[in-house]
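# Working through the structure, step by step
Chain by chain, the residues:
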Amino acid sequence: MKITIIGTGYVGLVTGACLAEIGNDVLCLDVDARKIAILEAGGVPIHEPGLEGVIARNRHAGRIRFTTDIEAAVAHGDIQFIAVGTPPDEDGSADLQYVLAAARNIGRTMSDFKVVVDKSTVPVGTAARVRDAIAAELRARGADVPFSVVSNPEFLKEGAAVEDFMRPDRIVLGCDDDANGRRALALMKQLYSPFNRNHERTMLMDVRSAEFTKYAANAMLATRISFMNELANLAERVGADIEAVRRGIGSDPRIGYSFLYAGCGYGGSCFPKDVQALVRTGDEHGHRLQILRAVEAVNDAQKQVLAQKITAHFGERLDDLSFAVWGLAFKPETDDMREAPSRVLVRALLQRGARVRAFDPVAVDEARRVFALDLTQEESARLDFCDSREAAADGADALVVLTEWKAFKSLDAADLKERLRRPVIFDGRNLYDPAVLAREGFDYFTIGRTH
Ligand code: NAD
Ligand code: UGA
């Protein structure tokens, strides 16, 4: 099938690559000429395991191409995926300007039946606005071309995006129950049929429920994390171990083990913005979402918890102290720094006069870019990026762990003790065994384990 992807970011690029992989003819459009130039030259602008290989294979087979030419992109696909960003507006609601710009672009030049797919995470009612935007463009040029807007939210996780796309838990399709909607549904089912071989994963529903499902899923996952973080902070005070508690409750199949890890707060491009956007949707409809407000507040506070532990140990001012930071990305296996807890912690340390020696296996380039925006020049001068975790630890007064990269999990405690000026670890991901580190003579501060 002929597919156009509008917006070649994390979701668009993975969607395009994976749909090419199952045999479709994919054209990816982006307004960012730099991104398209990298892709056309055979590069990949983001770090995502397995993605480079899928793109290379399909470029070679001629199944995926990249362009900045809007008209060519609209002409190409029978199915047009809108996968542009939906960042938070000033009041926290989803900013739909990119989605609606993409819709207008489709309406401006389309000449035959199109299925327009909302892949971006968009508030309930957006499909109707996309439909109106396309219809207005068609009217403006006196054209009468049939189309239908489908909601097909994406549930992939960064760092496992290719795997998640190729083996989805579910494929949510929200379609209109009219002639064009049924025509669109038939095409969407055909497109996704290779994912349904052993097990039907497609879930059909009305458009609004599909839009809502995406926010409900992220809000539920974010709620679990904030809930565990709040319990972890209490566990420290009552002398319990949140890791034991996690195992104890996760074994109940009604609760399950996933997304119960306490830590230094959730980050990323989605949970923070999607929780905010759902809160705003509630407000707009006169329905105050109290739990989600608390989820957001607990998460904001959680991003400060490690800095509080550090100042409780070393004092409010940290001049003359140097901190090794392991992990900058908001989670492992990605270079994405959006809303990463490291941005809050590193800044807090620098503002108190400390030096920071930071290491991340893949996110250093992206970290340089975002910290240049976050920090003053004076603060930046006290931030060094190191080539290895060992180099970051050399001569530091303490180690701070912010991302649970697999490589960080194996720790040569004796070697680390040699490198650090003081044997102190602040662990935002609970990676190590407190008993082992205590035996090695470390002061080991965790999230919910120290008592
Ligand atoms: P992104 O910022 O990585 O990519 C968006 C791309 O769209 C950018 O490259 C931008 O240049 C491009 N763009 C903007 N306007 C355009 C236009 N009019 N025409 C063509 N291209 C345009 O964003 P992302 O992380 O891929 O997220 C996209 C959407 O998917 C968001 O709504 C997000 O909430 C949702 N989502 C993201 C993830 C994730 O893990 N990142 C997972 C599920 C859903
Ligand atoms: C999340 C969802 O998991 C995806 O299903 C969804 O498609 C995506 O948002 C989206 O809508 O964009 P992602 O943000 O890539 O995916 O990463 P997650 O693995 O969910 O992690 C998000 C944050 O939560 C990270 O900072 C992570 O460290 C934190 N987290 C996760 C915890 O603190 N504890 C946990 O138990 C799990």
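Criteria and thresholds
- Counting starts from 1 at the beginning of each chain's written sequence and moves along it residue by residue.
- Think of it this way: whatever chain is written first is A, whatever ligand is written first is 1, and the rest follow in order.
- Since the coordinates come from a predicted model, pLDDT governs what is reported: local features require at least 70, and pairs of side-chain atoms require 80 or more to be given and counted, while whole-chain, interface and lining totals use all residues.
- UniProt positions are given in the numbering used here, feature names are shortened, and annotations may be inferred rather than shown by experiment.
- Think of it this way: any DSSP run of H or I at least four residues long counts as a helix, any run of E at least two long counts as a strand, and we number them from the N terminus.
- The contact rule is simple: place each C-beta atom from the backbone, and if two of them lie within 7 Å, those residues are in contact.
- Placing the C-beta atom from the backbone, one calls a residue near a molecule or strand if that atom lies within 6 Å of it.
- Amino acids are sorted into nonpolar (Ala, Val, Leu, Ile, Met, Phe, Trp, Tyr, Cys and Pro), charged (Asp, Glu, Lys and Arg) and polar (every other residue, Gly among them).
- The length a helix should cover is 1.5 Å for every residue beyond the first.
- Residues are called buried when their C-beta atom has 20 or more other C-beta atoms within 10 Å, exposed when it has 12 or fewer, and partly exposed otherwise; all C-beta atoms are positioned from the backbone.
- Our arc is simply the arc of the directions from the helix axis toward the C-beta atoms.

Per an unreviewed UniProt entry, the recorded name for the protein is UDP-glucose 6-dehydrogenase, and the organism is Chitinasiproducens palmae. UniProt annotates the protein under Catalytic activity (unreviewed entry) with the comment "UDP-alpha-D-glucose + 2 NAD(+) + H2O = UDP-alpha-D-glucuronate + 2 NADH + 3 H(+)".

All right, on to the UniProt feature "active site" (unreviewed entry) in the protein then. Under the UniProt annotation, "active site" (unreviewed entry) lies at Cys 270. Counting through the fold element by element, Cys 270 comes out in the loop between helix 10 (242-250) and helix 11 (271-284). Sequence-distant contacts of Cys 270, defined by excluding residues within four places in its chain, comprise Thr 121 and Asn 218.

The immediate surroundings of ligand 1 are formed by 26 residues, with Gly 7, Gly 9, Val 11, Ser 120 and Thr 121 found nearest. For the shell around ligand 1, the secondary-structure elements that each account for two or more residues are helix 1 (10-21) and helix 5 (97-109). A class-by-class count of the residues in the shell around ligand 1 yields 12 nonpolar, nine polar and five charged.

Another point: helix 8 (residues 179-192). Taking 1.5 Å of rise per residue, 14 residues should cover 20 Å, and helix 8 covers 20 Å from first to last C-alpha, within 8% of that figure. Listed as buried for helix 8 are Ala 184, Leu 185, Met 188 and Leu 191. On an axial view of helix 8, the arc spanned by its buried residues comes to 120°, and they lie on one face. For helix 8, the exposed residues set more than 90 degrees away from the buried face come down to Ala 179, Arg 182, Ala 186 and Gln 190.

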